[in-house]
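Chain and residue survey
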Amino acid sequence: MKAAGVSLAWIKLTEGTTHRNPGYQLKFDSARKEGFSCGAYHFGRPDTYAGDPRDWEKEANNFLLQLEKAELKSGDLVPVLDVEKGMKTDDNHNVQWCLNWLEFVGNETCTTPLVYSARWAWQLYIMKAEKDIQQELAKYPLWLASYNKGIEPKRKTKLWDAWAVWQYTGYGKIDGCKGRVDLNWIAGNQLENLIIK
């Protein structure tokens, strides 16, 4: 039975060039059975093979292969790149890596993917990159993690002017889900942009 007020779910699909989230297909199937619209996210690892200029493409292809098996369709949610890792010594590399992944996946899926991140990750891996490529990254909508009470996130970055999705806790509970889950708000004017047409 679907929890009251909850109708959307992003599920981790892949990480890096080879990792696939165990049991993701069952998670998609179970969520859809309960009437959820689903989306998928990839945990990016720009730090893993920094010497390989095509590493981003290998990670994107890992994601896209599993995305095809998950059978996302019209009414589901756009793909997401989770940006919580990177080279601590090369913010330009991190941002360009993300831009390559986002453009490639966006073109392949005919969507505008989301960027999931938090202020601490922006400070560690993005903040010192050249401003022009940071601005290119900021053209993608932001899913911001900021665990706080209130009506809006308190831990914002200086790069994005607004957020599309706000993850406000990692300690939520939803009927039918074992253990803790992340809970989010979607900005009212953003929902239409996050749905696959």
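Anyway, here's the lowdown on the structure attached to this text. (Residues numbered from 1 in each chain as written. Predicted model: local features only at pLDDT ≥ 70, side-chain atom pairs only at ≥ 80, totals over all residues. Heavy atoms only, no water.)

To continue, consider the nonpolar core. Formed by 39 residues in total, the largest nonpolar core has its most connected members in F28, F63, W101, L102, I126 and L137. Of all the secondary structure elements, the ones that give two or more residues to this core are β1 (8–15), α1 (24–33), β3 (37–43), α2 (55–70), α3 (91–109), α4 (119–125), α5 (131–137) and β6 (142–145). Element by element, the count of residues in this core is highest for α3, at 7 residues. Those residues in contact with F63, other than ones at most four positions away along the chain, are L13, T14, A40, Y41, H42, P79, W101 and V105. One finds Y41, Y116, A118 and A145 within the second-largest nonpolar core, a separate group that totals 14 residues. (Core = buried A, V, L, I, M, F, W, Y, C linked by side-chain atoms within 4.5 Å. Buried < 20%, exposed > 50% of the residue type's maximum accessible area, 1.4 Å probe, protein only. Helix = DSSP H or I, 4+ residues; strand = E, 2+ residues; numbered from the N terminus. Contact = heavy atoms within 4.5 Å.)

Let us now look at the sheet that holds strand β7 (residues 165–172). One open sheet accounts for 8 strands, arranged β2-β1-β3-β4-β5-β6-β7-β8; its pairing is mixed. Strands with a single pairing partner mark the edges of an open sheet, and in this sheet they are β2 (19–20) and β8 (181–186). Strand direction decides the pairing type here: β6 and β7, joined by 3 bridges, are parallel. Within β7, the residue paired with A145 across the bridge is Q167. The strands touched by α3 are β3, β4 (80–82) and β5 (114–118); relative to β4, the strand with the most contacts, the crossing angle is about 160°. (Pairing = 2+ DSSP bridges. Axes fitted to C-alpha atoms, helices over the stretch in contact; angles between N-to-C directions.)

With that settled, the discussion passes to the layout of surface pockets. In this structure, the largest pocket spans a volume of roughly 1400 Å³. Lining the largest pocket we find 41 residues, and of these L8, A9, W10, I174 and D182 sit closest to its centre. For the lining of the largest pocket, the elements supplying multiple residues, two or more each, are β1, α1, β3, β7 and β8. Ranked by residues supplied to the lining of the largest pocket, first place goes to β8 with 6 residues. Here the residues of the lining of the largest pocket sort into 24 nonpolar, 8 polar and 9 charged. (1 Å grid on protein atoms, 1.4 Å probe; cavity = no way out; pocket = protein on both sides within 12 Å on 5 of 7 lines; lining within 4 Å. Points joined across faces, edges and corners; volume = space filled by probe spheres on them. Nonpolar A, V, L, I, M, F, W, Y, C, P; charged D, E, K, R; others polar.)

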